[in-house]
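Structure assessment
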Amino acid sequence: MGVKFKDITHPEKIEMKNLDNNVLTVDASNLIYKFLTTMRQGDGTPLRDLNGNITSHLNGILFQTATLIEQNIKPIYVFDGKAPELKQKTQQERIEVKKESEQKYQEALELGDEAKARKYAARTAHLNREIIESSKKLLTLMGIPYVQSKTEGEAQASYMANQGDAWAVVSQDYDCLLFGAPRILRNFKLTKTNTDIQLLQLQKTLDELNLTRNQLVDIAILVGTDFNDGIYGVGAKTAIKLMHKYGSLESIVKNKNYDLDCDVDEIREIFLNPDVVRNYDIEFRKPQKDKLIDFLCGEHDFDEIRTQSAIKKLQHKAAQTSLENWF
DNA sequence: CTGTAGGA
DNA sequence: TCCTACAGG
């Protein structure tokens, strides 16, 4: 879910063609979840192979990545590691929602209410080990690099962009600003008519709001994050006014007599100094054509012609980091 | 969500 | 050529 900063950020519009020649870190969980929720039939059934394994994510990763590479945009996928202990409450809530949705999905199916079925089916989507492992296997065969984070994927993806290994982070989550990503791309989609890709720049955002990154983190803590509840009735706009008036979180809490009921320093540490992997391999390699066909068409019943055409796009020469890998 | 066949 | 509708697995 992440911090609710929609009301205080002013994204710029950016077109896919302006991303040409850039490396992007992609919040893989965020993306795979999107594929799992949306790539479904009318009644909510996901794509499956003949053995019943879900394949929506494989389809999404293959065709999206192939088109990006063809357009000379290079995605590095970043997978979630272990979430901080503080996130347990958020995670437990999500599990409850999924259980409820599962029931409502079945009910809707029995009643023959397709629209309702689809709505609740989407909410039942979850990233189990099989989904993650098959996604990683696919990326390896495609020659696309991925990084396994120690903690939150957004933290790792943001760190890599901050280090200059990527131009921007692809994520829906405003948390990436807190994690220090210089640029975030939201609503990232390939569809021809998509003119909705949003570019959010950290420094520009801080300048507009007249805040430091540390203050922005404190504002998030007031509003509520995945790691704490925040103050009831305080949204992002109010929190900024308070920060401008009182200057620090400590001063706000004291003057307004708020009860934050969380370890502020621990949450600051999660955003400002996360445990990231520093020696990652982000080399783009040649796709392993035969193995891709075996995996997708042999094991998961993909159409061979469609798969071949995606592989052709992956063979775009710009996808290889260096010439040695190409020859 | 993404690719594409077929109609305007 | 652009757009809509629909299938993909």
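In the annotation of an unreviewed UniProt entry, chain A is listed under the name Flap endonuclease 1 and assigned to Methanosphaera cuniculi. Word for word, the UniProt comment on chain A under Sequence similarities (unreviewed entry) is "Belongs to the XPG/RAD2 endonuclease family. FEN1 subfamily." Under the heading Subunit (unreviewed entry), UniProt records this for chain A: "Interacts with PCNA. PCNA stimulates the nuclease activity without altering cleavage specificity."

It is worth spelling out the protein's contact with DNA strand C at this point. All residues in the neighbourhood of DNA strand C are listed as M39, T45, L47, R48, D49, T55, N59, H300, D301, F302, D303 and R306. Considered class by class, the residues forming the surface near DNA strand C number 3 nonpolar, 4 polar and 5 charged.

Of all residues in chain A, 96% attain a pLDDT of 70 or more, and the chain-wide mean is 94. Low pLDDT, under 50, characterises residues 323–327; the stretch is placed with 6 contacts to residues that sit more than four places away or in other chains.

Near DNA strand B there are 14 residues, and of these F63, Q64, T67, K189 and L190 occur at the shortest range. Broken down by secondary-structure element, the contributors of at least two residues to the surface near DNA strand B are α1 (28–38), α2 (56–70) and α14 (304–314). Top contributing element to the surface near DNA strand B by residue count: α2, with 5 residues. Residues belonging to the surface near DNA strand B are distributed by class as follows: 5 nonpolar, 6 polar and 3 charged.

What follows deals with the packing of helix α9 (residues 213–223) against helix α12 (residues 264–272). Axis angle and axis distance: for two packed helices, these are the angle between their axes and the distance between the axes, and together they describe the pair. It is the contact of α9 with α12, at a shortest axis distance of 10 Å, that shows an interaxial angle of 125°. Comparing their axes, α12 and α9 come out oblique. α12 is crossed by α9, and the crossing has right-handed handedness. Listed contacts from α12 to N214, V217 and I221 of α9 are V264, I267, R268, F271 and L272. Considered class by class, the residues forming the contact of α9 with α12 number 6 nonpolar, 1 polar and 1 charged.

Now for the packing of α1 against α2. Look at α1 against α2: their axes get within 8 Å of each other, and the N-to-C directions meet at 120°. With respect to α2, the element α1 is oriented oblique. The handedness of the crossing between α1 and α2 comes out as right-handed. Contacts between α1 and α2 pair I32, F35 and L36 from the former with S56, H57 and G60 from the latter. Along the lines of polarity and charge, the residues of the contact of α1 with α2 split into 3 nonpolar, 3 polar and no charged.

The rules we used
- Residues numbered from 1 in each chain as written.
- Chains lettered and ligands numbered in written order.
- Predicted model: local features only at pLDDT ≥ 70, side-chain atom pairs only at ≥ 80, totals over all residues.
- UniProt positions renumbered as here; feature names shortened; annotations may be inferred.
- Near = placed C-beta within 6 Å.
- Nonpolar A, V, L, I, M, F, W, Y, C, P; charged D, E, K, R; others polar.
- pLDDT = per-residue confidence, 0-100.
- Contact = placed C-beta atoms within 7 Å.
- Helix = DSSP H or I, 4+ residues; strand = E, 2+ residues; numbered from the N terminus.
- Axes fitted to C-alpha atoms, helices over the stretch in contact; angles between N-to-C directions.
- Parallel < 35°, antiparallel > 145°, perpendicular 65-115°, else oblique.
- Left-handed = near helix turned anticlockwise from the far one by under 90°.

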